[in-house]
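# Tertiary structure, described
What follows is each chain in one-letter form.
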Amino acid sequence: MENDSPSKTGFSRRLFLQGAAGGVATGSALATLPALGQGAEAQAAATRAGLTRYDAAGAGIVLKVNGKKSPVPVTPQTTLLESLRETLGLTGSKEVCDRGACGACTVIVDGRSVNSCMMLAIDAVGCEVTTVEGLKKGDQLDPVQQAFIEHDACQCGYCIPGFVMRSRALLDEKKDLDREGIKHGLCGNICRCAAYVRIFDAVAAAAKGGQS
Ligand code: FES
Ligand code: FES
């Protein structure tokens, strides 16, 4: 017979399964699991293991975005995209698919492009996050931004911040990109207006202009 007696932390297998079935993805469900959010012993063990535990009911973290550190309230399931758009008001990164399939939410984290809808905000603690709002240097647009304007690489514009950020990261990753390399490098970004030809033209022009 299954042993379902609570451990000394007050946490049992049955309690865990009840919480999981009720929706581990929600803060309120996790909050019903006392050992996860409150156990001092568990907290100490996690700290010894080099892990940071966040209370399911919410916690404050600090994110460094576009060179500026800001306090951000989160729950463990808050995505980086949600924090950027809804807490910090940086709405350049778009939420379209919310499942890593379109690239509209692309930002640069420690030099690499990521789909911010697929990254937890707590995983961005200690990282340098750059959004499209932070790409220009002073009054000077990034060469990618300038090239998109000069090539009119836009129709409705909704996908463009994501393309700009992925293009910037791509040009920083690889030199001597040809047209096929640009297409391949941008294959994770979708433009529903199909402005691809002008987008590829713009990135090719930016590639000739060198790195930022
Ligand atoms: S909204 Fe993030 S990949 Fe589509
Ligand atoms: S310009 Fe409209 S989705 Fe790309």
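Note that this is a predicted model, so its numbers are computed, not measured. (Residues numbered from 1 in each chain as written. Chains lettered and ligands numbered in written order. Predicted model: local features only at pLDDT ≥ 70, side-chain atom pairs only at ≥ 80, totals over all residues. Heavy atoms only, no water.)

## With respect to the nonpolar core
Counting 25 residues, the largest nonpolar core has Phe148, Phe163, Val164, Leu186, Ile199 and Val203 as the members making the most contacts within it. Every element with two or more residues in this core is listed here: helix 6 (143-150), helix 7 (160-173) and helix 9 (196-208). Counting residues per element, this core draws most heavily on helix 7, at seven residues. Sequence-distant contacts of Phe148, that is, excluding residues within four places in its chain, are made with Ala153, Ile160, Phe163, Val164, Ser167, Ile199, Ala202 and Val203. Membership of the second largest hydrophobic core comes to 16 residues, among which are Val72, Val74, Leu84 and Ala124. (Core = buried A, V, L, I, M, F, W, Y, C linked by side-chain atoms within 4.5 Å. Buried < 20%, exposed > 50% of the residue type's maximum accessible area, 1.4 Å probe, protein only. Helix = DSSP H or I, 4+ residues; strand = E, 2+ residues; numbered from the N terminus. Contact = heavy atoms within 4.5 Å.)

## Things to note about the packing of aromatic side chains
How two aromatic rings sit relative to each other is set out by the distance from centre to centre and by the angle between their planes. On inspection of all chains with the given rule, the structure shows two aromatic pairs. Arranged with centres 6.3 Å apart and planes meeting at 75°, the rings of Phe163 and Tyr196 form a pair that is edge-to-face. Taken together, the residues Phe163 in helix 7 and Tyr196 in helix 9 connect sequence positions 33 residues apart. Look at Phe163 and you get buried, because its relative accessible area is 1%. One residue, Lys94, lies across the ring of Tyr158, its end atom 5.6 Å from the ring centre. (Phe/Tyr/Trp six-rings, centres within 6.5 Å; stacked < 30°, edge-to-face > 60°. Lys NZ or Arg CZ within 6 Å of the ring centre and 35° of its normal.)

Any link to function would need more than the numbers given here.
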